[in-house]
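# Report on the structure
One-letter residues, chain by chain:
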There are 2 protein chains.
Amino acid sequence: MAVHDVKPRPVVSKKDALVREMLERVADKWTLLVIDALEGKRDVRFSRLREAVGDVSQKMLTKTLRQLERDGLISRRVHAEVPPRVEYTLTPLGDSLGAAVCGMWKWVDAHVEDVERSRRKYDAPAQR
Amino acid sequence: MAVHDVKPRPVVSKKDALVREMLERVADKWTLLVIDALEGKRDVRFSRLREAVGDVSQKMLTKTLRQLERDGLISRRVHAEVPPRVEYTLTPLGDSLGAAVCGMWKWVDAHVEDVERSRRKYDAPAQR
DNA sequence: TTCTATACTTCCCTTAAGGAAACCATGGCG
DNA sequence: CGCCATGGTTTCCTTAAGGGAAGTATAGAA
C-alpha cells in the first residue's frame, strides 16, 4: 500500500541469487567440461585444455577460464617463456565442486534411458 | 586419411551429448527453481507455481514446464473445468533429480563465502 | 449477451550469447 | 629480416533467449 510495497515479493534473497548464479555458471556450456577436463590433472596448458574440452572457441575458453579463476576454482600460472605457456590446475575448491557436480553427473548417467524413453513417448505422433 | 577421417575427434559421444544437454537444461534460468518449488508438494497449480518461482514470464514458465514434462520429470494434469485448472507434480524421476541437484545446492551453500572472497580479491584494484 | 478467471499461445522487439577471423606480443631461429 | 608458435584480445556478425502485451478458448455467473 505504501511506497515500500511496490515490490512485495523480494523473490530471491541475496544468497538465493548467488546460488542461482552459481548454478547457471556451473551449467553454462563450458564450465563443467573444463572442470571435468581438469580433474585429476595438474598444469594443463591452454591448448591441451582446448583439445580436451571439444570445440570451444578460443574466446569462450578464455572467458570460461577467467571466470573460474575469479571464483577461485582454478589457478592460472603464466610462464615467461618465448612461446608463452600458461597452465591451469583445479584448486581444492574447484576439486570439491567437481565432486559435488559428480552427483548430478551420475544422476544423468543413470537416467538417460528414462529421459529418452519419456521423450520418445511425448514426441510420438498422437495415437489415432 | 580417408573420408571418414574428416572429423577425427567426435568430441562427444551420444551419451556425453545428452549429459551435457541435461546439465544445460538443469541449469537454465528456471528449471531448478521450478523443481525446487515443486519438491514435497503435490498438484500445484500454474499460478501458484508462478508465484513460488518468482518473476517468470508466463511464456517461460510454460516452456519450462513442457520441457520437464517431456523429460518425464513432472506430471501435468488438466481438469476440464470452466476456469481451467492445471496441476503439476514431480514424478519419482523428478524427485530423484531434485535429490541429485541437492548436492550441488549444498556445495554452493557451503562455499558462497569462499567464492565471494575470491572474487573480491580478484576484482581488487591491482595493488600498487 | 457480456463478463470473468485460468492457462495458454503468438507476435514483436530488444538484448545477449557466442562463433569466425583477424590482430597482437614475444623471442629465438634460419 | 621474415617467420614460427602460443595464448590472448578485439571486431564483426548471426543466432538465440526471453520479456511484454495481446489474443484464444472455456462455461458459468450476472
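Further up the page is the structure itself.
Values in this document were obtained by computation on a predicted structure and should not be read as measured data. (Residues numbered from 1 in each chain as written. Chains lettered and ligands numbered in written order. Predicted model: local features only at pLDDT ≥ 70, side-chain atom pairs only at ≥ 80, totals over all residues. Heavy atoms only, no water.)

We now examine the overall build of chain A. Across its full length, chain A holds five helices and three strands. From first element to last, N terminus to C terminus, chain A shows the α and β order α-α-β-α-α-β-β-α. Per-residue burial over chain A gives 39% buried out of 128 residues. The long-range fraction of contacts in chain A, counting pairs at least 24 apart against all pairs at least 6 apart in sequence, stands at 47%. (Helix = DSSP H or I, 4+ residues; strand = E, 2+ residues; numbered from the N terminus. Buried < 20%, exposed > 50% of the residue type's maximum accessible area, 1.4 Å probe, protein only. Contact = heavy atoms within 4.5 Å.)

In the vicinity of DNA strand D, 19 residues are found, and the nearest of them are Ser47(A), Arg76(A), Tyr88(A), Lys59(B) and Met60(B). A breakdown of the atoms of DNA strand D within 4 Å of the protein gives sugar and phosphate a share of 59%. Between DNA strand D and the protein, one listed contact pairs a sugar or linking oxygen with a backbone N or O atom of Pro84(A) at 2.9 Å. Within the side chain of Ser57(B), a nitrogen or oxygen atom sits 2.9 Å from a phosphate oxygen of DNA strand D. Broken down by element, the surface near DNA strand D gets its largest block of residues, four residues, from helix 4 (residues 58–70) of chain A. (Near = heavy atom within 4 Å. Polar contact = N/O pair within 3.5 Å; in protein donor to acceptor, adjacent residues only side chain to side chain.)

Note that strand 2 (residues 74–79) of chain A and strand 3 (residues 85–90) of chain A share six bridges and pair antiparallel. Considered in strand 3 of chain A, the bridge of Ser75(A) is made with Thr89(A). (Pairing = 2+ DSSP bridges.)

So, on to the interface of chain A and chain B. In this complex, chain A contributes 48 residues to the contact, which on the side of chain B involves 48 residues. Both faces considered, chain A and chain B share a buried interface measuring about 4500 Å² in area, 66% of it formed by carbon and sulfur atoms. Connecting chain A to chain B are four salt bridges. The partner of Arg119(B) in a salt bridge is Asp71(A), with the nearest N and O atoms 2.6 Å apart. In this structure, the connection of chain A to chain B is made through 12 residue pairs in polar contact (both at pLDDT 80 or more). Those elements giving two or more residues to the side of chain A that touches chain B turn out to be helix 1 (14–27), helix 2 (31–38), helix 3 (46–53), helix 4 and helix 5 (92–123) of chain A. (Buried area = accessible area lost by both parts, 1.4 Å probe. Salt bridge = Lys/Arg side-chain N within 4 Å of Asp/Glu carboxyl O.)

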